[in-house]
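The chain contents come next:
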Amino acid sequence: KERGVDELTWFRTVERVYTEAKEGCYETLVRAVHLANATARSDGRAAAAAFGLCSPPEDADAFVFWVTEALESMPQIDYQDAGSPVNATCEAVRRELQGAELLAALAAVTRRYYGVATDACLPQTSARNLQVAGGTPGDGPAPASSWGYQSCSETLHPFSIPPGSWRPYRFSLPALTALCRQYYNVTPDLHRLERWSGGYAIAGKDSGHSNIIWSNGRRDPWHGGGFLRAADALPGGAVFVMDSTAHHQDLRLPQTTDPPELTSVRAMEERIIRGWLRESGVGGGVGGPSPNTVHSSVS
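Cut-offs and rules
- Residues numbered from 1 in each chain as written.
- Predicted model: local features only at pLDDT ≥ 70, side-chain atom pairs only at ≥ 80, totals over all residues.
- Heavy atoms only, no water.
- Salt bridge = Lys/Arg side-chain N within 4 Å of Asp/Glu carboxyl O.
- Helix = DSSP H or I, 4+ residues; strand = E, 2+ residues; numbered from the N terminus.
- Buried < 20%, exposed > 50% of the residue type's maximum accessible area, 1.4 Å probe, protein only.
- Phe/Tyr/Trp six-rings, centres within 6.5 Å; stacked < 30°, edge-to-face > 60°.
- Core = buried A, V, L, I, M, F, W, Y, C linked by side-chain atoms within 4.5 Å.
- Contact = heavy atoms within 4.5 Å.
- Axes fitted to C-alpha atoms, helices over the stretch in contact; angles between N-to-C directions.
- Parallel < 35°, antiparallel > 145°, perpendicular 65-115°, else oblique.
- Pairing = 2+ DSSP bridges.
- Patch = residues over 30% accessible without salt bridge, like charges linked within 9 Å, V, L, I, M, F, W, Y side chains within 5 Å.
- Areas by Shrake-Rupley, 256 points an atom, 1.4 Å probe, with all protein chains shown as cover.
- Disulfide = S-S within 2.5 Å.

**Student:** Got a minute to help me understand the pattern of salt bridges in this structure?
**Tutor:** Should the charged atoms of two oppositely charged side chains come close, the side chains can pair. The tally for this structure, following the rule as stated, stands at 14 salt bridges. Taking the shortest distance from any N to any O, the salt bridge between R170 and E7 comes out at 3.5 Å. Separated by 163 residues along the polypeptide, R170 in the loop between α7 (146–155) and α8 (173–184) and E7 in the segment before α1 (9–21) bring together distant segments of the chain. A relative accessible area of 63% means that R170 is categorised as exposed.

**Student:** What exactly am I supposed to notice about the packing of aromatic side chains here?
**Tutor:** The description of an aromatic ring pair uses the distance of the two centres, along with the angle that the planes make with each other. The tally for this structure, following the rule as stated, stands at 16 aromatic pairs. On the basis of an interplanar angle of 25 degrees and a centroid distance of 6.3 Å, the ring pair of W10 and F159 is categorised as stacked. Here W10 is found in helix α1, whereas its partner F159 is found in the loop between α7 and α8, with 149 residues between them in sequence. Taken as a pair, W10 and F159 share a single burial class, namely buried. By the ring-pair criterion, three or more aromatic residues cluster together here, those being F51, F63, W66, Y113 and Y114.

**Student:** For this particular structure, what's the right way to read unusual backbone geometry?
**Tutor:** Both trends apply: most residues other than glycine have a negative phi, and most peptide bonds are in trans. Positive phi is not limited to glycine here, since A144 has a value of about 50 degrees. Turning to its location among the elements, A144 is positioned in the loop between α6 (99–114) and α7. The exposure class of A144 is exposed, given its relative accessible area of 83%. Phi is positive for N185, which is not a glycine, with a value near 55 degrees. You can see N185 is positioned in the loop between α8 and α9 (192–197).

**Student:** What is the right way to read the nonpolar core from this model?
**Tutor:** Most often, soluble globular proteins have nonpolar side chains that are buried together. Counting 46 residues, the largest nonpolar core has Y18, F51, F63, L71, L106 and W166 as its most contacted members. Residue contributions to this core peak at eight residues, all from helix α2 (residues 25–42). The residues contacting Y18, other than those within four sequence positions of it, are C25, Y26, L29, L71, M74, P75, V86, T89, C90 and W166. Ranked by size, the runner-up nonpolar core spans nine residues in total, among them Y200, F227, A233 and L234.

**Student:** How should the environment of G237 be read in this particular structure?
**Tutor:** Position of G237 among the secondary structure elements: in the loop between β1 (213–217) and β2 (238–242). Residue classification places G237 among the buried positions, given a relative accessible area of 0%. Along the sequence, G237 and T257 sit 20 residues apart, while their C-alpha atoms lie 27 Å from each other.

**Student:** Please explain the packing of helix α4 (residues 60–73) against α6 as it appears in this structure.
**Tutor:** How two helices pack is summed up by the angle between their axes together with the distance between the axes. Where α4 contacts α6, the two axes come as close as 10 Å, and the packing angle between them is 70 degrees. As summarised for this structure, α4 and α6 are arranged roughly perpendicular, according to the angle between their axes. Contact residues: α4 offers W66, V67, E69, A70, L71 and S73, while α6 offers L106, T110, Y113 and Y114.

**Student:** Please clarify how the pairing of β2 should be interpreted in this entry.
**Tutor:** Remark: a regular strand shows side chains that alternate across the two faces of the sheet. Counting buried positions along β2 gives five out of five residues, so the element sits mostly inside the fold. Side-chain alternation along β2 places A238, F240 and M242 on one buried face and V239 and V241 on a second face that is also buried. Pairing geometry for β1 and β2, over five bridges, is parallel. Within β2, the residue paired with G217 across the bridge is M242.

**Student:** Sorry if this is basic, but what is going on with a nonpolar patch on the surface here?
**Tutor:** Residues I273, L277 and V282 make up a contiguous nonpolar surface patch of roughly 250 Å² in combined accessible area. Relative to the elements of secondary structure, I273 occurs in helix α10 (residues 260–280). The class of I273 is partly exposed, set by a relative accessible area of 38%.

**Student:** Even after reading the chapter, I still don't get the state of the cysteines, so can you show me in this structure?
**Tutor:** Such a bond, covalent and formed between the sulfur atoms of two cysteines, is termed a disulfide. One pass over the structure, following the stated rule, counts three disulfides. One disulfide in the model links C25 with C90; its S-S distance is 2.1 Å. An S-S torsion of about -85 degrees defines the bridge between C25 and C90 as left-handed. You can see C25 sitting in helix α2 and its partner C90 sitting in helix α5 (residues 85–92), a full 65 residues away along the chain. C90 gets classed as buried once you look at its relative accessible area, which sits at 2%. With a sulfur-sulfur separation of 2.1 Å, C152 is cross-linked through a disulfide to C180. Taking the torsion about the S-S bond as the criterion, the C152 to C180 disulfide, at about -85 degrees, is left-handed. Here C180 lies in helix α8 and C152 lies in helix α7, a separation of 28 residues in the sequence. Indicated for the protein chain is the disulfide connectivity 1-3, 2-4, 5-6, based on numbering the bonded cysteines in sequence order.

Pasting the structure below:
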């Protein structure tokens with residue numbers, strides 16, 4: 001729980017982003033998923049009709065996890081040039097909707113996330129997520145998956161979902177260890193990356209590190225464990241925390257839809273990197289700080 005990060009930090013950002021997008025949106029999505037879950041278990045044909053599946057889902061758990069995986073992923077890819085999927089979802093899944101209309105709205109945003117054409121019949125085998133057994137928010141063990149293997153080998157995070165959300169999930173290392181051994185004969189090590197990298201000690205004033213830019217967007221669920229404090233800025237480096245950006249959005253190509261703060265941060269990052277190049281003798285052109293300058297822009 002260093003720096004206040006706990007098992008709910010990741011998911012609380014998901015909840016906050018939907019809540020900030022539109023009042024009542026998160027609660028409406030919870031209600032919609034519960035309806036989809038109940039429908040898939042009681043009337044598979046109705047679920048198939050609502051979601052445009054070619055046949056009823058054979059595994060209700062995997063089907064519902066396919067839906068919630070979309071909802072949990074949207075905040076980290078909530079890019080303006082991608083149509084701001086969180087806002088689009090909240091506009092579509094409206095609070096006043098009930099029953100079949102609510103289910104249809106959830107189906108529409110789910111299919112949009114997965115890029116399914118509106119007139120296409122989707123095989124039920126495509127409308128499922130086999131990571132459901134190891135469904136840690138953000139990652140988790142999964143069979144025949146590079147991300148699933150990486151989760152087992154070095155990046156498993158002890159994340160849980162708070163009660164009352166669209167799906168119950170409590171992190172269990174013994175259960176996930178069993179899955180990792182079953183899938184890849186690998187035993188998870190929750191502290192491997194911290195030992196390798198140094199964890200938050202990287203930003204310590206006695207670490208000897210310099211010329212590092214810590215940048216995070218507050219719409220990205222992963223930002224919660226990042227280097228977010230002005231004091232984390234190292235010599236020649238910077239800390240940027242942006243309110244309206246998502247996962248590593250500053251590393252994406254500039255777009256006309258970019259928010260002003262993102263454009264500003266990119267310009268500052270470029271000046272800083274050009275300064276590194278100039279100080280190293282490589283070049284870099286005009287601009288850039290001296291190697292001992294500390295920058296911070298923490299919202």
